[in-house]
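# Chain and residue survey
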Amino acid sequence: DQVQQARKDKLKIVMAHENDPDLGGCLFSRFFEVTPQELIADGLYKDLARSCFPGRHHPVSLALLAKDLGATPARSGSVASMSRLSASIAEHGSRLFLKISRRSSA
């Protein structure tokens, strides 16, 4: 119901797909099994989910996800800032989630 209302209200939805099984990741095809058909038909997956990869790619995946959510690079020390941002996101869990922001999708 929340996703349907968000789409009706034209809120921006950012999806993240965790690939690492150790962090609760699964195959993307799983979402087509559990997502209500009317949301799929309405184009929920028109924009692809941001993939979050394990290992050395994980900090970059989280930084790209943060960018999708509206983060911008710091003026100085952007590598250190991105590392802190990635650590913060990882601390709060990087399982698949729908982030609904108040920004309209354009």
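Residues numbered from 1 in each chain as written. Predicted model: local features only at pLDDT ≥ 70, side-chain atom pairs only at ≥ 80, totals over all residues. Heavy atoms only, no water.

## A word on the packing of aromatic side chains
- All told, the structure shown has 4 aromatic pairs when counted by the stated rule.
- Plain terms: the ring middles of Phe-28 and Phe-31 are 5.4 Å apart, the flat faces sit at 70° to each other, and that makes the pair edge-to-face.
- With a relative accessible area of 25%, Phe-28 lands in the partly exposed category.
- Residue Phe-31 is classed as buried on the basis of its relative accessible area, which comes to 9%.
- Between Phe-28 and Tyr-45 the ring centres are 5.7 Å apart and the planes differ by 75°, which places this aromatic pair in the edge-to-face class. With Phe-28 in the loop between β1 (11-18) and α2 (29-34) and Tyr-45 in the loop between α3 (37-41) and β2 (50-52), the pair connects residues that are 17 residues apart, well separated along the chain.
- Grouping aromatic residues by their ring pairs yields a cluster made of Phe-28, Phe-31, Phe-32 and Tyr-45. (Phe/Tyr/Trp six-rings, centres within 6.5 Å; stacked < 30°, edge-to-face > 60°. Buried < 20%, exposed > 50% of the residue type's maximum accessible area, 1.4 Å probe, protein only. Helix = DSSP H or I, 4+ residues; strand = E, 2+ residues; numbered from the N terminus.)

## Quick notes on the pattern of salt bridges
- By the definition in use, this model includes 3 salt bridges.
- Measuring nitrogen to oxygen at the nearest pair gives 3.2 Å for the salt bridge that ties Asp-42 to Arg-7. Taken together, the residues Asp-42 in the loop between α3 and β2 and Arg-7 in helix α1 (residues 2-8) connect sequence positions 35 residues apart.
- When its relative accessible area of 49% is taken as the criterion, Asp-42 is described as partly exposed.
- The salt bridge involving Arg-30 is made with Glu-33; its shortest N-O contact spans 3.1 Å. Taken together, the residues span about one helical turn, with Arg-30 and Glu-33 both in helix α2 at a distance of 3 residues. (Salt bridge = Lys/Arg side-chain N within 4 Å of Asp/Glu carboxyl O.)

## Concerning the pairing of β1
- Counting buried residues in β1 gives 7 out of 8 residues, a clear majority hidden from the surface.
- Judged from the 3 bridges that link them, β1 and β2 form a sheet pairing that is parallel. Its bridge partner being in β2, His-17 is matched across the sheet by Ser-51. (Pairing = 2+ DSSP bridges.)

## So, the nonpolar core
- Counting 10 residues, the largest nonpolar core consists of Val-3, Ala-6, Leu-11, Ile-13, Met-15, Phe-31, Leu-39, Leu-44, Tyr-45 and Ala-49.
- Put simply, the parts of the chain that give this core at least two residues each are α1 and β1.
- By residue number, the principal contributor to this core is β1, which donates 3 residues.
- One finds Val-14, Ala-16, Cys-52 and Leu-65 within the second-largest nonpolar core, a separate group that totals 5 residues. (Core = buried A, V, L, I, M, F, W, Y, C linked by side-chain atoms within 4.5 Å.)

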